[in-house]
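# Understanding the architecture of this molecule
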Amino acid sequence: MEKKGRLSLLFNGVIKENPVLVLLLGTCPTLAVSTMAVNGLGMGAAATFVLICSNVVIAMLKNVIPDKVRIPCYIVIIAGFVTMVQLIVKAYAPEVDQALGLFLPLIVVNCIILGRAEMFASKNSVLNSALDGLGMGLGFTLALLIMGSVREILGSGTWFGIPITAGRIDPMSIFLLAPGGFFVYGTIIAALNKLTKGRAIKRKSMGCDGCPSAAACGGAGTGQCPPDKEGQS
Amino acid sequence: MNKNLVITSSPHFRAATTTRDIMLDVLVALIPTLVLSVFIFGFRALILSAFCVIFCVLCEYVYRRLMKLSFTIGDLSAAVTGLILAFNLPVSLPLWMAAIGCFIAIVIVKQLFGGIGRNFANPAITARIALTISFVGPMTNWTAPRLFLSDAATSATPLALADAATSATAGVTALPGYMDMFLGMISGSIGETCKLTLLIGGLYLVLRKVITPTAPLAFVGTVFVLSWALGADPVYHILAGGLMLGAIFMATDYVTTPTTEMGKLIFGVGCGLITVIIRLYAGYPEGVSFAILLMNIVTPHIDRLCTIKAFGGARHKAL
């Protein structure tokens, strides 16, 4: 693949196919940990690390892993890296571990990571998979950072713990709770759609071909299971 | 598509009544309460109410203008929303917080879903809940009634008192008498304290056939029976908090409550049930607003369960 292709592969995940804001994957950790900018950054960094590593390993092993048990194999690989991340975070950043809580081990079942493994790493070369992982990870981190910043500034009047409006204006604590999270999430998606005029994701990629979960669901929505995958249902 | 061909569902004959007439009736019904609230809480009640009405209308105007939609402020629904929202706020609330409430009610709850008739939840009640969750302190800073121009003082609402009385520590604070609660000489949000004027307003709406009394009666009745059955003081519970305001003016909203009488009955009973459960067992002293919001959400399902058999047609299967 040429240079330009590689670069677009890297930046694909940031805006055009942003995993959170365009593909709408990983909504659960996004809403749960984005109450503070620093949490979003921590979660994003952890997920990016796991994403790159798991993408690389899965791309390496893609010819070894039998098709029928590929999801368990992916999960084992991802879980291995998540365990590493969790131990590192616990050792060196216990406060981040406290803040992220359950959502750090839950990176194992993060749809973004499994989605990229299934959709990209299992079909592409090691280098491309690493770039894709990095790009998607950056996109995830960026989305979490934006959401975390908005929610922290509006909800507690601080940004990365630095007081902005705290003490002068009463913050709206609803932004720290689930309804505020959904509201900010929806607003950012709407803003992104408006900015990119809905072109962020191409029409053709709206079908099963472009859906990261297509392989997992086996095209269940269309009622036509791909012949080679029939065994798993 | 052929623009000249108008395809609409029934009814094809329309009464002369317009949305504006109905909203005007609701405004008239709210005025006695407004007058008395100024008498109870002082001049600021009027300022806050006027501010909410003006700001709601402004929000609606600006939104419709920015989105290049038809102007709907003439139907007075935004004004009604503003006044009901103000009735749900404590009199000491800063104006900018009230402005956020108006924005939530009109722009987020009403206009984003398509404007009048398309909102799934009651704008005023949703805005009140958003404000309650956001600004816990200012939204529970209840001012004691002060009968015009005497000094302001904060005090707990009857429900907060009752909540405290059930816990072991209290018991010293006397609960207000029934008559004070009926006439509104208690602390609370602007429009919820005086049951007399709310009932007058409700009666006016029923007589003008703007609302049917089904949902309010079912709501209040359920609260009465259930709180009595669960060992609480039933009269106290129907007179305390925002029950009357919610039952008369918000559980009868055309858009967000069921259309059939049977549906209204279910809606009212459901509201009463949730209110009593929240009041007696949950962390919040008051549950009327949450009850109405939750029942707003299930309204489409209630409507579906209560479809009326069309004349000459077969009975709809409830889905």
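Rules and cut-offs
Residues numbered from 1 in each chain as written. Chains lettered and ligands numbered in written order. Predicted model: local features only at pLDDT ≥ 70, side-chain atom pairs only at ≥ 80, totals over all residues. Heavy atoms only, no water. Helix = DSSP H or I, 4+ residues; strand = E, 2+ residues; numbered from the N terminus. Buried < 20%, exposed > 50% of the residue type's maximum accessible area, 1.4 Å probe, protein only. Contact = heavy atoms within 4.5 Å. Areas by Shrake-Rupley, 256 points an atom, 1.4 Å probe, with all protein chains shown as cover. Domains from an automatic or database assignment. Salt bridge = Lys/Arg side-chain N within 4 Å of Asp/Glu carboxyl O. Polar contact = N/O pair within 3.5 Å; in protein donor to acceptor, adjacent residues only side chain to side chain. Axes fitted to C-alpha atoms, helices over the stretch in contact; angles between N-to-C directions. Parallel < 35°, antiparallel > 145°, perpendicular 65-115°, else oblique. Left-handed = near helix turned anticlockwise from the far one by under 90°. Nonpolar A, V, L, I, M, F, W, Y, C, P; charged D, E, K, R; others polar. 1 Å grid on protein atoms, 1.4 Å probe; cavity = no way out; pocket = protein on both sides within 12 Å on 5 of 7 lines; lining within 4 Å. Points joined across faces, edges and corners; volume = space filled by probe spheres on them.

## Looking at the overall build of chain A
Looking only at helices and strands, chain A has nine helices and two strands in total. In chain A, which comprises 233 residues, the proportion classed as buried is 45%. Taking as baseline every contact in chain A between residues at least 6 positions apart, the subset at least 24 positions apart corresponds to 73%. Total accessible area on chain A stands at roughly 11900 Å², and carbon and sulfur atoms take up 70% of it.

## Here we look at the domain arrangement of chain B
All names here are of chain B. Domain boundaries in chain B define domain 1 (19-137) and domain 2 (148-306). Just the C-alpha atoms count here: the centres of domain 1 and domain 2 sit 20 Å apart. Taken together, the contact pairs 37 residues of domain 1 with 34 residues of domain 2. Summed over the shared surface of domain 1 and domain 2, the number is one salt bridge. Summed over the shared surface of domain 1 and domain 2, the number is eight residue pairs in polar contact (both at pLDDT 80 or more). Of all the elements in the fold, those that place two or more residues in the side of domain 1 that touches domain 2 are α1 (19-41), α2 (43-66), α3 (77-87) and α5 (123-134).

## Comments concerning the packing of helix α3 (residues 37-61) of chain A against helix α6 (residues 111-121) of chain A
In helix packing, the relevant descriptors are the interaxial angle and the interaxial distance, both defined with respect to the helix axes. Residues and elements named next belong to chain A. Running from N to C, α3 and α6 cross one another at 30 degrees; their axes reach a closest spacing of 10 Å. On the basis of the axis angle, α3 is roughly parallel to α6. You can see that α3 and α6 cross each other, and the crossing is right-handed. Here Ala-47, Val-50, Leu-51, Ser-54, Asn-55, Ile-58 and Ala-59 of α3 lie close against α6, whose contacting residues are Ile-112, Ile-113, Arg-116, Ala-117 and Ala-121. Each residue belonging to the contact of α3 with α6 can be placed in one class, and the counts come to nine nonpolar, two polar and one charged.

## Things to note about empty space enclosed by the protein
Residue and element names in this part refer to chain B. Counted according to the given criterion, the structure contains one cavity of 30 Å³ or more. Counted as a void, the largest cavity has a volume near 60 Å³. What lines the largest cavity is Asn-88, Ile-125, Arg-128, Glu-192, Gly-242, Leu-245, Gly-246, Met-250, Glu-286, Val-288 and Ser-289. If you list the elements that add at least two residues to the lining of the largest cavity, you get α5, α12 (243-250) and α14 (288-305). The biggest single contributor to the lining of the largest cavity is α12, with three residues. Taken together, the residues of the lining of the largest cavity break down into four nonpolar, four polar and three charged. Both domains that furnish three or more residues to the lining of the largest cavity are identified here as domain 1 (19-137) and domain 2 (148-306).

## Considering the packing of helix α10 (residues 214-229) of chain B against α12(B)
All names here are of chain B. The interhelical angle for the contact between α10 and α12, taken along N-to-C directions, is 155 degrees, at an axis separation of 8 Å. Our classification of the angle between α10 and α12 gives roughly antiparallel. Relative to α12, α10 is oriented so that their crossing is right-handed. Of the residues in α12, those touching α10 at Pro-216, Phe-219, Val-220 and Val-223 are Leu-243, Met-244, Gly-246, Ala-247 and Ile-248. In terms of residue class, the contact of α10 with α12 is made up of eight nonpolar, one polar and no charged.

## Here's the deal with unusual backbone geometry
Residue and element names in this part refer to chain B. A positive phi angle is found at Leu-76, which is not glycine, with a value near 65 degrees. The backbone of Lys-209 shows a phi angle near 60 degrees, a positive value even though the residue is not glycine. Here Lys-209 is to be found in the loop between α9 (195-207) and α10.

## Overview of the pattern of salt bridges
All told, the structure shown has seven salt bridges over all chains when counted by the stated rule. A salt bridge links A:Arg70 to A:Asp67; the shortest N-O distance between them is 3.9 Å. Here A:Asp67 falls in the partly exposed class, since its relative accessible area comes to 41%. Residue B:Arg208 pairs with B:Asp25 through a salt bridge whose shortest N-O separation is 3.1 Å.

## Looking at the layout of surface pockets
Reported here for the largest pocket is a volume of approximately 690 Å³. In terms of lining, the largest pocket is formed by 23 residues, of which the most central are A:Ile174, A:Pro179, B:Ile104, B:Ile108 and B:Thr126. Elements with a contribution of two residues or more to the lining of the largest pocket: α8 (178-195) of chain A together with α4 (95-110), α5 and α14 of chain B. In terms of residue count, α4(B) provides more of the lining of the largest pocket than any other element does, five residues in total. Each residue belonging to the lining of the largest pocket can be placed in one class, and the counts come to 21 nonpolar, two polar and no charged. The set of elements that each furnish at least two residues to the lining of the second largest pocket consists of α1, α3, α5 and α12 of chain B. In terms of domain composition, the lining of the second largest pocket takes at least three residues from each of domain 1 (19-137) and domain 2 (148-306) of chain B.

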